[in-house]
Amino acid sequence: MQKFTLELLFRIIGIGSASGLFFNGSSLFIISDNSHFLYEYNITTQKLDKIPLVAPDYTGPLENVPKPDKPDYEALSYKDGHLYLFGSGSTENRNIIGHINSKTKEVYPHIDATDLYMVMQSFGEIAPDDFNIEAAVNDGSVWYLLQRGNGKNGQNGIFTLDGDIADTNFQILYNAIDLPEIDGAKAGFTDAVKVGSVLYFIAAAEKSSSTYHDGEVTGTLIGSLDLETMKVKKTQVIGQNKFEGITLYKDNGNTLEFLLCEDKDNDEDTSDIYKLTIEK
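Residues numbered from 1 in each chain as written. Predicted model: local features only at pLDDT ≥ 70, side-chain atom pairs only at ≥ 80, totals over all residues. Heavy atoms only, no water.

**Digging into helix α1 (residues 114–124)**
Then comes step 1: Taken as a whole, α1 has its buried residues at L116, Y117, M120, Q121 and G124. End-on view of α1: buried residues confined to an arc of 135 degrees, all on one side of the axis. Exposed side of α1, more than 90 degrees from the buried face: D115, M118 and S122 are the residues found there.
Then comes step 2: Here the buried face of α1 lies against β7 (82–87), β8 (96–101), β10 (133–139), β11 (142–147), β12 (157–164) and β13 (169–176).
Then comes step 3: Positive phi appears at E125, one or two residues downstream of α1, with a value of about 55 degrees. (Buried < 20%, exposed > 50% of the residue type's maximum accessible area, 1.4 Å probe, protein only. Helix = DSSP H or I, 4+ residues; strand = E, 2+ residues; numbered from the N terminus. Arc of directions from axis to C-beta. Contact = heavy atoms within 4.5 Å.)

**Re the pairing of strand β16 (residues 198–207)**
Consecutive side chains along a regular strand alternate between the two faces of the sheet.
Then comes step 1: Here β16 lies mainly inside the structure; nine of its 10 residues are buried.
Then comes step 2: Bridging between strand β15 (residues 185–195) and β16 involves eight bridges; their strand directions are antiparallel. Counted as the bridge partner of K194 is L199 from β16.
Then comes step 3: Both β16 and strand β17 (residues 216–226) contribute to a ladder of 10 bridges, which runs antiparallel. Bridge pairing links L199 to L225 in β17. (Pairing = 2+ DSSP bridges.)

**Some points on the sheet that holds strand β21 (residues 270–279)**
Then comes step 1: Sheet architecture is open: four strands sit in the order β1-β21-β20-β19, paired in antiparallel fashion. Each edge of the sheet is formed by a strand with only one pairing partner; in this case those strands are β1 (4–13) and β19 (243–251). The average angle at which neighbouring strand axes cross in this sheet is 25 degrees, direction not considered.
Then comes step 2: With nine bridges connecting them, β1 and β21 associate as antiparallel partners. When the bridges of β21 are listed, L8 appears paired with Y274. (Axes fitted to C-alpha atoms, helices over the stretch in contact; angles between N-to-C directions.)

**Some words on the layout of surface pockets**
Rolled over the atoms, a probe as big as a water molecule pinpoints where empty space is left.
Then comes step 1: In this model, the second largest pocket occupies a volume close to 290 Å³.
Then comes step 2: Together, 16 residues line the second largest pocket, and F22, Y78, V137, V193 and K194 are the ones closest to its centre.
Then comes step 3: If you list the elements that add at least two residues to the lining of the second largest pocket, you get β2 (18–23), β6 (73–79), β10, β15 and β19.
Then comes step 4: It is β15 that provides the largest number of residues to the lining of the second largest pocket, a total of four residues.
Then comes step 5: Of the residues that constitute the lining of the second largest pocket, the class distribution is 11 nonpolar, three polar and two charged. (1 Å grid on protein atoms, 1.4 Å probe; cavity = no way out; pocket = protein on both sides within 12 Å on 5 of 7 lines; lining within 4 Å. Points joined across faces, edges and corners; volume = space filled by probe spheres on them. Nonpolar A, V, L, I, M, F, W, Y, C, P; charged D, E, K, R; others polar.)

**Let's talk about the pairing of β15**
Then comes step 1: For β15, the buried fraction is high: nine of the 11 residues fall into the buried class.
Then comes step 2: Note: strand β14 (residues 181–182) against β15, two bridges, orientation antiparallel. Bridge pairing in β15 links E181 to K186.
Then comes step 3: The hairpin turn running from β14 into β15, its antiparallel successor, is two residues long, and D183 in that turn takes a positive phi close to 55 degrees.
Then comes step 4: Linking β15 back to β16 in an antiparallel pair, the connection comprises two residues, with G196 at a positive phi of about 65 degrees.

**Quick word on the sheet that holds strand β5 (residues 47–52)**
Then comes step 1: Judged by pairing direction, the sheet is antiparallel, and its four strands sit side by side in the order β2-β3-β4-β5 without closing on themselves. Edge positions in the open sheet fall to β2 and β5, since each of these has one partner strand only. Each strand axis lies, on average, 25 degrees off the axis of its neighbour in the sheet, ignoring direction.
Then comes step 2: Looking at chain direction, strand β3 (residues 27–32) and strand β4 (residues 37–42) are connected through five bridges and run antiparallel. Along β4, the bridge assignment pairs S27 with N42.

Okay, here's the thing in structure tokens:
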């Protein structure tokens, strides 16, 4: 994975702290880790729609939720016409999964992931202070949830969940994954997408040992992982940005094009979307 190109494709005004995205062929769905909205950006018309994800009687919806109160949506996944937004689980109020019909825009009640996340912590032997779900990938009845190792123990890993997300009833497997350092800081999973039998992931490195507090960003890498062996195949540093979202844009046969979103960890309401091209 030595050869790649990375270019700024466009800038969206009205979204800050982008943390995940999904491209469906015409629209780009984006989540923000400090917002109560799901955003839909039409690439052709450049129109941005905002879909509130909380009940009307809640104190919101807000687009710049105070850090202690934010749901911290970090992972966006698609299944059978529906989008699922996973809270990171890094604090008690982040143990939720949002659910919306991507066509009708009907918003369903949040799924309480408290018990599921507690079982995952126990199964993976991950302390609550280290637990931080940053990516979710669906493959039929199987879900891959990626644990970001930006806590004090640096535990990166992949939970393989087989079952029904509606009642969070799963058979669970866990594989610890070792990732390299970038400029002295351990890389931690920030998002992933499945292409064929390969999981392509991005991982950012920060000089911090907290799942809650941000640190100095030293860069982001892209990697590929064999889902059968759960072994990392290749990794490549792609820049000093903190990329938190990846989605497949085009499969050209010999090359793949991905869209990436960047979280600048500030209060700006702009989101830069990049195009990354790599060889298979």
